Amino acid sequence: MYYGADYYPEHWPEERWAQDAQMMREAGFNVVRMAEFAWTRMEPREGEFNFGWLDDAIALMAEHGIESVLGTPTAAPPAWIMDAYPEAALVTEDGRVMTYGSRRNYCPSSGVYRVHSQRIVAAMAEHYADNPHVIAWQIDNEFGGRCYCADCQAGFQQWLRERYGTLDAMNAAWGTEFWSHIYTAWEQVPLPWEATRLHNPSLALNYRRFMSDTYADYQRLQIEILRELAPDQPISHNLMGFGYPNLDYFDLAADLDFVTWDNYPRFMGTPNLSNRGLAHDTMRGLKNKPFWVMEQQGGPTGNAVVNATPRPGEIPFWAWQAIAHGADGIVFFRWRTARFGAEEYWHGILDHHGIPSRRYREVKEMGEALERIGDKLDGSRVAGDVAMLLSYDSRFAFQNQPHNPHLDYPDIFQRLYRSVWERNLGTQIVSPEAELDGFELVIAPMLYVMDEEIAQRLRDYVRNGGTLVVTCRTGVTDMDNGIVDAKLPGLLAEMCGVTVEEYDSLDDGRTVALKGAGELAHAGGAGLAWADVLALEGAEVLARYDADYYAGEPAITVNRYGAGRAVYVGTVPDSDMAGALLGWLAETTGVESAIQAPAGVEVTERVSDEGRFLFLLNGTAQEQVVDLGEGGEERTRGESVSGEIKLEPLGVRVVQRA
Ligand code: GAL
């Protein structure tokens, strides 16, 4: 397990570094991430490199038993590059060229920026490849943003040419007959200005794919250099969890050795533990392997506005939650709060003055518990029989056509996840290309963009005995984002045993009462955002609408198909109905929590050859009693436990059982 902080030696007098390293060591740290924003310090002038300060910092850390992850510094270009090459600047949708300052102000397509990036990455790789204390690389920092410059437009046109081969094929796939948009040369294809103009949805989806691919491509440029020059050091990038909408993280992660991400639960609002759980599960799911949190909130967040301080116990609790969901590394952002710069109010573990206080003590206590656990969690995987299918294509398509302000792809995903999470059912987040064999239950919210291959995989899964849940807005478009020529849910209609007769967009935020039926006769609740009016083609009814002109019509159904079942949810179920549905699904599929715990106590399990590690996290403000039944070894404290144990508010236990 790696435990540490993001450290910026360049922000502090060198005389202070040893004291920092000493305090880190005392807190149980064994890793720091450094250098990801230090380009100008490493290369003050083109081709003139200065790594001495970083060598010293790495060596000093190593003397204290602390290894280093180095960031490539490309997220924040030096002024001397952007001044000499203004064409490397990112252009916003409204055509404004980003001024210098801030960060993420470069265009990922820019040829000249790529050349500069290659030079600094190669110099770092050459310099550090053989340094045994550099244990990994982070590429850039939090990729994201879209660019609308001329290079991106030309890049997009080339990307389309590769995707479609001929203009005729593209015109046909996009339906450019509409509004006479038939393209007769690739150079005519624009970048969409969605904020102000309506565009062809095929153009819009493909532009999003292109931009996502462009970041993956830019990342690959750096990866190739590192793999060649520093082949023994694994490579990562710090992603932004489930919440970040603009990159296909499955693609971005495919080229990395491991995924890391940045977790700020108390940033502008109160923490939502279920959403955090989803974010962790998503980051683990990208490569189906353990991940790190490269930036774990270590103090109050803040830019222009200063946000609330993490309550006592929250910082370690959030870090434990990450470990419970499969993190093998926790790196706090940041060690000490900067005394200057855009983030002088984004607090670290230490405040501006650098004197340890409550947050340091909490982090140190966690470090002691981790030392007691030692290497026991190494190689363990998070258990889970439920899969949720995350489609970035669908998510991108809704960004261009959200349907209404209440039908939000991430929101419905988070709602359904919450119902699973509340039952402590281990969940894996998978892509539409994933193999589904072995999962007891698969939930695919709003799988809007679909082709025969995806549909076939889902049908096979159900035919072979799986239980699949799909929702409204499933199978609506093909891969070009044109609407299918069939009754919805299109390619899945036969399997679902229903068709959508018509739909009602609940655009003003009104809700529709739902009444359970059949196996869910006891249930009630409401449908939000959208209402499909369903015609039964063999399915049984699980809930009906109880309002509006479709009162009495089916809203949720289940259909037997092969050896399995397909559930169609024609609306966005509120928490009551989603809870009842998930309860029934858990019962009928036999999926259950590792142990029964009171509401608000999160339970996960990490499993390895060493045994099963039960994580219990009391996310409530009250003491909770959990009946462990069979006993085991509690590893954070190092004691034997069995039967009923008490968990203080924000208390965490890790119990190893056979
Ligand atoms: C992250 C970013 C860090 C730092 C932090 C606090 O998103 O990766 O560099 O900016 O937020 O704002």
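Residues numbered from 1 in each chain as written. Predicted model: local features only at pLDDT ≥ 70, side-chain atom pairs only at ≥ 80, totals over all residues. Heavy atoms only, no water.

### Comments concerning the overall build of the chain
For step 1, the next point in the chain: A tally of helices and strands in the chain yields 17 helices and 28 strands.
For step 2, the next point in the chain: In summary, the chain has a C-alpha radius of gyration of 26 Å against a globular reference of 26 Å for 658 residues, a match within 12%.
For step 3, the next point in the chain: Counting only C-alpha atoms and orienting by the principal axes, one finds that the chain spans roughly 75 × 75 × 40 Å.
For step 4, the next point in the chain: When each of the 658 residues of the chain is scored for burial, the buried share is 60%.
For step 5, the next point in the chain: A separation threshold of at least 6 residues defines the contact pool for the chain, and within that pool the share at least 24 residues apart is 72%.
For step 6, the next point in the chain: Roughly 24,600 Å² of accessible area belongs to the chain as shown, and the carbon and sulfur atoms make up 48% of that amount. (Helix = DSSP H or I, 4+ residues; strand = E, 2+ residues; numbered from the N terminus. Rg over C-alpha atoms; globule rule 2.2 N^0.38 Å. Buried < 20%, exposed > 50% of the residue type's maximum accessible area, 1.4 Å probe, protein only. Contact = heavy atoms within 4.5 Å. Areas by Shrake-Rupley, 256 points an atom, 1.4 Å probe, with all protein chains shown as cover.)

### As for the domain arrangement of the chain
For step 1, the next point in the chain: With domains assigned, the chain is organised as domain 1 (1–34 + 263–374), domain 2 (150–204), domain 3 (386–589) and domain 4 (601–657).
For step 2, the next point in the chain: Computed over C-alpha atoms, the centres of domain 1 and domain 4 are 23 Å apart.
For step 3, the next point in the chain: Each partner contributes residues to the interface: domain 1 has 17 residues there, and domain 4 has 15 residues.
For step 4, the next point in the chain: In this assembly, domain 1 packs against domain 4 so that about 1,200 Å² is buried in total across both faces, 67% of it on carbon and sulfur atoms.
For step 5, the next point in the chain: Among the residues of domain 1 in contact with domain 4, Phe317, Trp320 and Ala324 are the three that bury the most area, contributing 44% of the side total.
For step 6, the next point in the chain: Where domain 1 packs against domain 4, one counts one salt bridge.
For step 7, the next point in the chain: For Arg606, the salt bridge goes to Asp328, with nearest N and O atoms at 2.6 Å.
For step 8, the next point in the chain: Contributing elements (two or more residues each) for the side of domain 1 that touches domain 4: α11 (314–324), β9 (327–333) and α12 (358–373).
For step 9, the next point in the chain: Sort the elements by how many residues they give to the side of domain 1 that touches domain 4 and α11 lands first, with six residues.
For step 10, the next point in the chain: Residues belonging to the side of domain 1 that touches domain 4 are distributed by class as follows: 10 nonpolar, four polar and three charged. (Domains from an automatic or database assignment. Buried area = accessible area lost by both parts, 1.4 Å probe. Salt bridge = Lys/Arg side-chain N within 4 Å of Asp/Glu carboxyl O. Nonpolar A, V, L, I, M, F, W, Y, C, P; charged D, E, K, R; others polar.)

### Observations regarding the sheet that holds strand β7 (residues 260–263)
Sheet strands line up and pair through hydrogen bonds in the backbone, either parallel or antiparallel.
For step 1, the next point in the chain: Taken together, the nine strands give an open sheet; going across it, the order is β5-β4-β3-β2-β1-β9-β8-β7-β6, and neighbouring strands pair in parallel fashion. Two strands lie at the open edges of the sheet, namely β5 (235–236) and β6 (238–239), each paired on one side alone.
For step 2, the next point in the chain: Direction of pairing for β6 relative to β7: parallel, over a ladder of two bridges. Residue pairing in the sheet places Leu239 in a bridge with Trp261 of β7.
For step 3, the next point in the chain: Here helix α3 (residues 52–63) sits on the sheet and contacts β2 (31–34), β3 (67–71) and β4 (134–138); the angle it forms with β2, its principal contact strand, is near 170°. (Pairing = 2+ DSSP bridges. Axes fitted to C-alpha atoms, helices over the stretch in contact; angles between N-to-C directions.)

### Brief notes about unusual backbone geometry
For step 1, the next point in the chain: The peptide bond linking Phe333 to Arg334 adopts the cis configuration, its omega dihedral lying at -20°.
For step 2, the next point in the chain: Relative to the elements of secondary structure, Arg334 occurs in the loop between β9 and α12.
For step 3, the next point in the chain: Residue Leu488 is joined to Pro489 through a cis peptide bond whose omega torsion reads 5°.
For step 4, the next point in the chain: Residue position: Pro489 is located in the loop between β14 (467–471) and α16 (493–496).
For step 5, the next point in the chain: Positive phi, close to 55°, is recorded for Asn424, a residue that is not glycine.
For step 6, the next point in the chain: Take Asn424: it is sitting in the loop between α14 (409–422) and β12 (427–430).
For step 7, the next point in the chain: A relative accessible area of 10% means that Asn424 is categorised as buried.
For step 8, the next point in the chain: Phi at Arg473 is positive, roughly 65°, even though this residue is not glycine.
For step 9, the next point in the chain: Note on placement: Arg473 falls in the loop between β14 and α16.
For step 10, the next point in the chain: Given the relative accessible area of 5%, Arg473 is considered buried.

### Re the side chain of Glu362
For step 1, the next point in the chain: Mapped onto the elements of the fold, Glu362 is located in helix α12.
For step 2, the next point in the chain: Judged by its relative accessible area of 12%, Glu362 falls in the buried class.
For step 3, the next point in the chain: If we ignore the near neighbours within four places in the chain, the residues touching Glu362 are Pro312, Gly313, Glu314, Ile315 and Pro316.

### Looking at a nonpolar patch on the surface
For step 1, the next point in the chain: A cluster of nonpolar side chains, namely Phe178, Trp179 and Leu198, defines an oily patch on the protein surface of about 430 Å² accessible area.
For step 2, the next point in the chain: Relative to the assigned elements, Trp179 resides in the loop between α7 (167–174) and α8 (201–229). (Patch = residues over 30% accessible without salt bridge, like charges linked within 9 Å, V, L, I, M, F, W, Y side chains within 5 Å.)

### Here's the deal with the site of the ligand
For step 1, the next point in the chain: Close contacts around the ligand come from Phe37, Arg103, Asn141, Glu142, Asn238, Asp262, Tyr264, Glu295, Phe333, Glu343 and Trp346, and that covers them all.
For step 2, the next point in the chain: A distance of 2.6 Å separates an oxygen atom of the ligand from a polar atom in the side chain of Arg103.
For step 3, the next point in the chain: Glu142 has a polar side-chain atom sitting 2.5 Å from an oxygen atom of the ligand.
For step 4, the next point in the chain: Residue classes in the shell around the ligand are distributed as four nonpolar, two polar and five charged. (Near = heavy atom within 4 Å. Polar contact = N/O pair within 3.5 Å; in protein donor to acceptor, adjacent residues only side chain to side chain.)

### Looking at the environment of Met98
For step 1, the next point in the chain: Inspection of the secondary structure puts Met98 in the loop between α4 (79–84) and α5 (111–128).
For step 2, the next point in the chain: Of the residues examined, Met98 reaches a relative accessible area of 31% and is grouped as partly exposed.
For step 3, the next point in the chain: Separated by 12 residues in the primary sequence, Met98 and Pro86 place their C-alpha atoms 9.5 Å from one another.
For step 4, the next point in the chain: Residue contacts for Met98: discarding those within four places in its chain leaves Ala89, Leu90, Thr92, Arg104 and Asn105.

### Let's talk about the packing of α8 against helix α13 (residues 392–400)
For step 1, the next point in the chain: Contact pair α8 / α13: the axes reach a minimum separation of 9 Å and the direction vectors enclose 125°. With respect to each other, α8 and α13 are oriented oblique. With respect to the hand of their crossing, α8 and α13 are arranged in right-handed fashion. For the pair α8 and α13, contact is made by Pro201, Ala204, Leu205, Arg208, Arg209 and Ser212 and by Asp393, Phe396, Ala397, Gln399 and Asn400, respectively. (Parallel < 35°, antiparallel > 145°, perpendicular 65-115°, else oblique. Left-handed = near helix turned anticlockwise from the far one by under 90°.)

### Let's talk about the nonpolar core
For step 1, the next point in the chain: By size, the foremost hydrophobic cluster in this structure holds 200 residues, and its most contacted members are Phe29, Leu70, Trp320, Trp335 and Val567.
For step 2, the next point in the chain: Broken down by element, this core gets its largest block of residues, 12 residues, from α8.
For step 3, the next point in the chain: Each residue touching Trp320, except ones within four places of it in the same chain, is listed here: Met366, Ala369, Leu370, Ile373, Phe615, Leu617, Thr636, Val652 and Val654.
For step 4, the next point in the chain: Of all hydrophobic cores here, the second largest spans 11 residues; its members include Val601, Leu628, Val641 and Ile645. (Core = buried A, V, L, I, M, F, W, Y, C linked by side-chain atoms within 4.5 Å.)

### Topic: the sheet that holds strand β28 (residues 652–657)
For step 1, the next point in the chain: On the basis of which strands lie adjacent, the open sheet formed by six strands has the order β10-β22-β23-β28-β25-β26 and antiparallel pairing. Edge positions in the sheet fall to β10 (381–382) and β26 (639–641), since each of these pairs with one other strand and no more.
For step 2, the next point in the chain: Pairing geometry for strand β25 (residues 632–634) and β26, over three bridges, is antiparallel. Following the sheet pairing, Gly632 is matched in β26 by Val641.
For step 3, the next point in the chain: Taken strand by strand, α11 contacts β10, β22 (601–608), β23 (611–618) and β28, and its axis lies near 145° from that of β23.

### A look at the pairing of β9
For step 1, the next point in the chain: Extensive coverage of β9 is indicated by the burial of seven of its seven residues.
For step 2, the next point in the chain: Sheet topology note: the strand β8 (residues 291–297)/β9 ladder contains five bridges and is parallel. Opposite Trp292, over in β9, you have Gly329 as the bridge partner.
For step 3, the next point in the chain: In terms of handedness, the path from β8 via α11 over to β9 forms a crossover that is right-handed. (Right-handed = clockwise from strand over helix to strand, strands pointing away.)

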